[in-house]
Amino acid sequence: MEDVGSPTTRRRVLAGTATGIAGSLAGCTERLWSRAESPGPDQVSLTIKAVPADDDIIAAKIASQLRENFETAGIDATFEPIAKAELHRNVLLEGDYDVFVTRHDGIDEYDALRGLLHSRYATEAGWQNPFQFSDVTADDLLETQLTTADEDRDRVISELFDHLTETVPYTTVAFPSRIGAVGATLSETVSGPPYQPIDYLEILSEPPDEGPQDRPLEVGVFGEALTSRLNPIVVDSNQIPALLALLYDPLVYRTDDGAIPWLAEDVEWDGGSLLEARVTLRDDQRWHDGESLDAEDVAFTHRFLRDTSLGETESGVPAPQYRGQQSLVESVEAVDSRTVEFSLRTTNRETAIRALQIPVLPAHVWEPRSTVVGERQTEALVHDNEEPIGSGLFELEAVTDDTEVELVPFTDHVFYDADDRPSVLEEFPQFDGIRFVVAPNSGAVVDLLEEEEIDLTGTPLPADETGRVSDLPGRSVLTEQTDEFYMIGYNSHHEQLGNPNFRRLLSRLLDRDHAAAELLDGFAEPARSLSSLFGVRESELTDEETELTAFPGSDGEVDAEEARSLFEAENYRYEDGALLE
């Protein structure tokens, strides 16, 4: 694996604030002298990165449309399709991009914006501020919302959205419906395409028309290198949706109907100046290798995610996954074998629950992986974790090359034969495990459905496959509205993209209504309101539309004259139709 922590990446921790400021000023000086000696300004040039059409045709279409619109506005634009794992390395680890387009899993609570935008994460890996965005006002609002309640918190969040329309570190195009397909065996029992682990547990708990099956549930997925890394705390991989979450249980699951205690038997809250939570674990829980799961594993998980070197490096090496959620925890202590006490950095219970959704790791497996193996790297962050040991209702049975992954029920799980298990598991299991069948693209997955080799799809299908599925006897199209969204991200360290006014103009160069109707074939809601432009689909706080949705053109096509007048109003210059730096 390539060294994602090399000194040349943007994720190297700065030596100090003074050094960072001095380096920034020095860079500005160099550019000024360079321009003074240059024969003339160059055309503004941007590269747009997204996954290829085989991996996500919508992201590829959006990126292609952006390239055309940027070029109409006089920008030298290039669309560079790259594999998903490479895109994650470029964007989430190295900061090696100008503009990127991707499908984001969604914002489940306002505090998720803190991890996405706070400057404290700008030098870390992962979905923590991949834009390298640094803004004092945004930081202050993101911190204030943690300890503000009710109407006051709503006011702070509204101010944050207002400020983001001025700074625009990223923007949302649309909220796609998740599209899937199901075969005859489950057509009467499955209402929506599975994506989260709780979706699979619900399917496996609902009796099929033909009764319980003595075979695994067959799930079709598509993409490159889906089984190459089974490490739950890294981001530079392309993984089967929900696979690892089915192997590693959290303390609590959050659903549309509220939180469900899982590894936790009970959570007691103390609402002082900041929240404290006393978590009691269910009795006699075990890891897949037979070792006991106890409170020390929970406390270890949070310490380890905060610093995978466990104190061996001066500034720590945080795990890139779950960082925003883990940073809600001020301290965690195992009181006894079944009791864990959390001190949290928030007064909001819904926010605090985010920290309890982190999958728990076995200390006896991951503690030996704290060895430092390179700058800003520990063994935990480079390990492929070929034999994952979790505590979930399923354990890994086999991985067949890059074509199949089979999970079998973990019969020692406390819920497997329990009478008092959560209602979602009332008739679990109706299948003897889960087998993920890997195909190269969406069309090949539909082929598997047609040939009755899978029961349903597990990777979102593009809308253009729905007609074909509908024509197959006994097969049905599944659709569900989710919080996922297509995002356009900007690298604020780019010479031009560092200017928020420039980012604002770029954000207007995509017709969101046209994208939802045409690029996503109507299976999407365009981002129109202030909050939805930053990934919050439903919010009563800021439902007004903003200037960022004012597209300089019609029906998806940019009006060159109108677009160029917008840039000229911000003191940009053109020469022979080219936007100059």
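Residues numbered from 1 in each chain as written. Predicted model: local features only at pLDDT ≥ 70, side-chain atom pairs only at ≥ 80, totals over all residues. Heavy atoms only, no water.

Novice: Looking at this model, I keep getting lost on unusual backbone geometry. Mind explaining?
Specialist: Among all residues save glycine, negative phi is the norm, and among peptide bonds the norm is trans. A cis amide bond links F428 to the next residue, P429, at an omega of -5°. With respect to the helices and strands, the residue P429 is situated in the loop between β15 (404–409) and β16 (434–439). We note that A242 has phi near 75°; this positive angle belongs to a residue other than glycine. Along the chain, the position of A242 falls in the loop between β5 (217–222) and α8 (243–247). Exposure remark for A242: the relative accessible area of 13% places this residue in the buried category. With a phi close to 70°, N571 is a non-glycine residue in the positive phi region. Residue classification places N571 among the exposed positions, given a relative accessible area of 70%. (Helix = DSSP H or I, 4+ residues; strand = E, 2+ residues; numbered from the N terminus. Buried < 20%, exposed > 50% of the residue type's maximum accessible area, 1.4 Å probe, protein only.)

Novice: Please explain the confidence of the model for the protein as it appears in this structure.
Specialist: Close reading of the predicted structure is inappropriate where its pLDDT is low. Per-chain confidence: the protein averages 91 in pLDDT, with 93% of residues scoring 70 or above. This model gives residues 1–36 a pLDDT under 50, and the stretch forms 55 contacts once residues within four places in sequence are excluded. (pLDDT = per-residue confidence, 0-100. Contact = heavy atoms within 4.5 Å.)

Novice: Sorry if this is basic, but what is going on with the nonpolar core here?
Specialist: When a protein is soluble and globular, its nonpolar side chains tend to lie buried together. Counting residues in each nonpolar core, the largest one holds 79 residues, and the members touching the most others are I233, L251, W262, F342 and F436. Core analysis: the second largest hydrophobic core is formed by 74 residues, I82, A174, L548 and L579 among them. (Core = buried A, V, L, I, M, F, W, Y, C linked by side-chain atoms within 4.5 Å.)

Novice: Can you walk me through the packing of aromatic side chains in this structure?
Specialist: Each aromatic ring pair is summarised here by two numbers: the centre-to-centre distance and the angle between the ring planes. Enumeration over the complete set of coordinates arrives at 17 aromatic pairs. Seen in terms of ring centroids, Y110 and F161 are 6.4 Å apart; in terms of plane orientation they differ by 70°. Their pairing is edge-to-face. Taken together, the residues Y110 in the loop between β3 (99–104) and α4 (112–117) and F161 in helix α6 (residues 150–167) connect sequence positions 51 residues apart. The pair Y110 / F161 is uniform in exposure class, with both members buried. Between Y170 and F534, the aromatic rings sit 5.7 Å apart at their centres with planes inclined by 90°, giving edge-to-face as the arrangement. (Phe/Tyr/Trp six-rings, centres within 6.5 Å; stacked < 30°, edge-to-face > 60°.)

Novice: Honestly, the packing of helix α5 (residues 136–144) against α6 in this entry has me stumped. Any pointers?
Specialist: Describing two packed helices takes the angle between their axes plus the distance from one axis to the other. One can describe the packing of α5 onto α6 by two numbers: an axis separation of 9 Å at closest approach and a directional angle of 155°. Accordingly, the angle class assigned to the pair α5 and α6 is roughly antiparallel. Relative to α6, the crossing made by α5 is left-handed. Together, T137, A138, L141, L142 and T144 of α5 and V156, E159, L160 and H163 of α6 make up the contact between the two elements. Within the contact of α5 with α6, the residues separate by chemical class into five nonpolar, three polar and one charged. (Axes fitted to C-alpha atoms, helices over the stretch in contact; angles between N-to-C directions. Parallel < 35°, antiparallel > 145°, perpendicular 65-115°, else oblique. Left-handed = near helix turned anticlockwise from the far one by under 90°. Nonpolar A, V, L, I, M, F, W, Y, C, P; charged D, E, K, R; others polar.)

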